[in-house]
Structures are given as C-alpha cells and as structure tokens.
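# Topology and contacts: notes
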Amino acid sequence: MTSIRVLSVGTDGSRESMDAADWAAREALRRGLPLRLVHAGEGRRTSPPPLDVDLPRRAVLDRTALQLSYTHPALQILARRRPQPPVGALLEAAANSESLVLGSRGFTGYAGFLVGPIALAVTTRAPCPVVLVRAGSLPQDERTPEGRFRPVVVGLDVASATDDLLSYAFETAALRGAPLHALHTWELPPLRSGVAGGAPAGDAAHRESLGRQALSGALRAWRAKYPEVEVEERLLYGQPGHHLLKSSTGAGLTVIGRRADAPRLGATAHSVVHHATSPVAIVPHT
C-alpha cells in the first residue's frame, strides 16, 4: 500500500492543542498536504485535565475537525483515534508523517515550562520534524505589520550542517515567500592555563573569517536550488542559544537540528524549545 503524504497534529481539546491545530492547518495548506488529527488515550496525568476532558474522544476529534473545516474549507482533514498513551500514539503518527505539530505546553498543562514532558519525549524521539507551537499563537503572528511573512530563522553548526535541516528551512521559507536568516555563532577557544592576556586580535579575526567562509559554503548549493529565497547570513559571536532566542522574537518560525541518535536534546536545543517566542521546528539528522 502506498503511504499518503500527510502532516499530523496532536490534539486533546485543550486551548494549546487547538492553537497548534490551527497553525498546522495553515502549514498543511501551504505544503499541499492533508492534515491528520491525532487524539490519544489519556495516559497518566500529572496536573488537572482540560475542562472538556469528559467529552468522548470522538467528540473532541469531531469538534476540532469542524472548527478547522470552517476556518480552512479547502483543507483535507483526517481524524485518527489512538487507544495507547500519548507518547506512543504520537510517535506512531510521526513515523508516517512529513512533520508533526504539537502544542507548546504538551498535554499536561504544567506551566513551569513552555514544553511539557510528553511533547519533549516525542520531540527527542520522532523520526520526522516536530514543530512546537506556543499557546496563544495567532495567524497574524506569522506576518509583519506590512503583511509579509516573518523570517524563517535556522540555527546552523557549519561543522555538521545537514541536508535535512537546510532542506526543511529553505523549503519552508520558499513556501511562505519569507526571507531565511541563517545563523551561525563562533567563539574563541578557552585560554590555556598559565597564558597571560586574551587571544590575539589576529586570531579572532582569522576565526571569524573562517566561520564566515564556512557559513557561505554550507548555504551555497541551497541558494542555487532556491534562488527565490532571500537569504541573510548571520555570523555572530557568542553562545548559539542566546542568539537563537533573541532572533526568535522576530521570526515566523525558528528551525534547529538534533542528532537522531542522541537520547536527549542538546543544551542549545533544550533552551530554544523551552523559551523561544516563535514556533520551533526540530529537525532530526544523522
């Protein structure tokens, strides 16, 4: 059987999952994909349930599908119930989706972080890109006051920049007609014990020059493949997490990578998914 190309979104009837579903609907239309709504079993709760948790699962799916069909009449919507707990159900959906969208507070409502434990567990294990959408995100948040799509920001480690990460970032920018801001950071190595003074100015200039060349080299083939995408190369000194969080405040989407074989997110990715103000796409790569 030929598998259908689809974008999936987790939904449980809560406010954050509805905001994620609406974002996913717009993205599915941009990509020409059907949207699959995934509603899982309750699993174990660590906080009070959503107000409408007493609704049957079918009613949650039907209500979500109905609301989306009113707002996006051209969208093809598929509704799927899964009896297993949320993490397993969402990972199963991710295994045959082009991407998976989740609400930023997960399914627990735990307010200490923007990302709940279920969303975090799925993000670190999903084989496809996972997009985390903040509760309260609105369609107009994607655009500038002039009506243009806000930039797609992609964080790059030029030493290990991958085709999967850059393909997702460039394609997303192209579909939106948005500029792409490619961000890479550099730092001087720590001073060796017993060495007085800071790093020579020439060493800093040399490292910055190498970083700029590496960033341009990593993007060259993708610029040629997507000539319509306006690309801004941003080489910045300092910690990547700080600059990505700062850049996310004006972004329509922030794109970062994660190693597919790593058991958890790295420090930079962990900071971004918990604290970025824009939706965040986490793209697995080898």
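Residues numbered from 1 in each chain as written. Predicted model: local features only at pLDDT ≥ 70, side-chain atom pairs only at ≥ 80, totals over all residues. Heavy atoms only, no water.

### Here we look at the overall build of the protein chain
When you go through the protein chain residue by residue, the secondary structure sums to 8 helices and 10 strands. The buried share of the protein chain, reckoned over its 286 residues, is 48%. Contacts spanning at least 24 positions in sequence make up 77% of the contacts within the protein chain whose residues lie at least 6 apart. Surface summary for the protein chain: the accessible area is close to 13800 Å², and the carbon and sulfur share equals 54%. (Helix = DSSP H or I, 4+ residues; strand = E, 2+ residues; numbered from the N terminus. Buried < 20%, exposed > 50% of the residue type's maximum accessible area, 1.4 Å probe, protein only. Contact = heavy atoms within 4.5 Å. Areas by Shrake-Rupley, 256 points an atom, 1.4 Å probe, with all protein chains shown as cover.)

### Brief notes about the environment of Thr71
One can find Thr71 in helix 2 (residues 57–71). The spatial distance from the C-alpha of Thr71 to the C-alpha of Ala25 is 9.2 Å, given a sequence separation of 46 residues. A distance of 3.1 Å separates a polar atom in the side chain of Thr71 from the backbone oxygen of Gln67. (Polar contact = N/O pair within 3.5 Å; in protein donor to acceptor, adjacent residues only side chain to side chain.)

### Some thoughts on the packing of aromatic side chains
Throughout the structure, instances matching the rule amount to 4 aromatic pairs. Arranged with centres 6.2 Å apart and planes meeting at 25°, the rings of Phe170 and Trp222 form a pair that is stacked. One end of the pair, Phe170, is in helix 5 (residues 163–176); the other, Trp222, is in helix 6 (residues 201–225), with 52 residues separating them in the sequence. Considered together, Phe170 and Trp222 belong to a single accessibility category, that of buried residues. Clustering of aromatic rings is evident, with ring pairs tying together Phe170, Trp222 and Tyr226. In this structure, Arg143 is placed above the aromatic ring of Phe149, and the distance from its NZ or CZ to the ring centre is 3.9 Å. (Phe/Tyr/Trp six-rings, centres within 6.5 Å; stacked < 30°, edge-to-face > 60°. Lys NZ or Arg CZ within 6 Å of the ring centre and 35° of its normal.)

### Examining the sheet that holds strand 8 (residues 231–237)
Read from one edge of the open sheet, 10 strands run 3-2-1-4-5-10-9-6-7-8, paired in mixed fashion. Only two strands of the sheet have a single partner each, and these edge strands are strand 3 (77–81) and strand 8. Strand after strand, the sheet turns through a mean of 25° between neighbouring axes, direction not considered. Bridge analysis of strand 4 (residues 99–103) against strand 5 (residues 130–133) gives 4 bridges, and the strand direction is parallel. Along strand 5, the bridge assignment pairs Leu100 with Val130. Helix 1 (residues 15–31) contacts strand 1 (7–10), strand 2 (35–39), strand 4, strand 5 and strand 9 (253–259) of the sheet and is inclined by roughly 175° relative to strand 1. Each of strand 5, strand 9 and strand 10 (280–285) is contacted by helix 8 (residues 267–275), which is oriented at about 145° to strand 9, the strand it contacts most. (Pairing = 2+ DSSP bridges. Axes fitted to C-alpha atoms, helices over the stretch in contact; angles between N-to-C directions.)

### Digging into the side chain of His72
Take His72: it is sitting in the loop between helix 2 and strand 3. Classification of His72 by relative accessible area gives buried; the value is 9%. For His72, the contacting residues outside a window of four places in its chain are Asp22, Ala25, Arg26 and Leu29.

### Side note on the confidence of the model for the protein chain
Averaged over all residues, the pLDDT of the protein chain is 86; the fraction at 70 or higher stands at 84%. Confidence drops under pLDDT 50 across residues 43–55; counting only partners more than four residues distant or on other chains, this segment forms 17 contacts. In the predicted structure, residues 106–113 sits below a pLDDT of 50 and forms 22 contacts with residues beyond four places in sequence or in another chain. (pLDDT = per-residue confidence, 0-100.)

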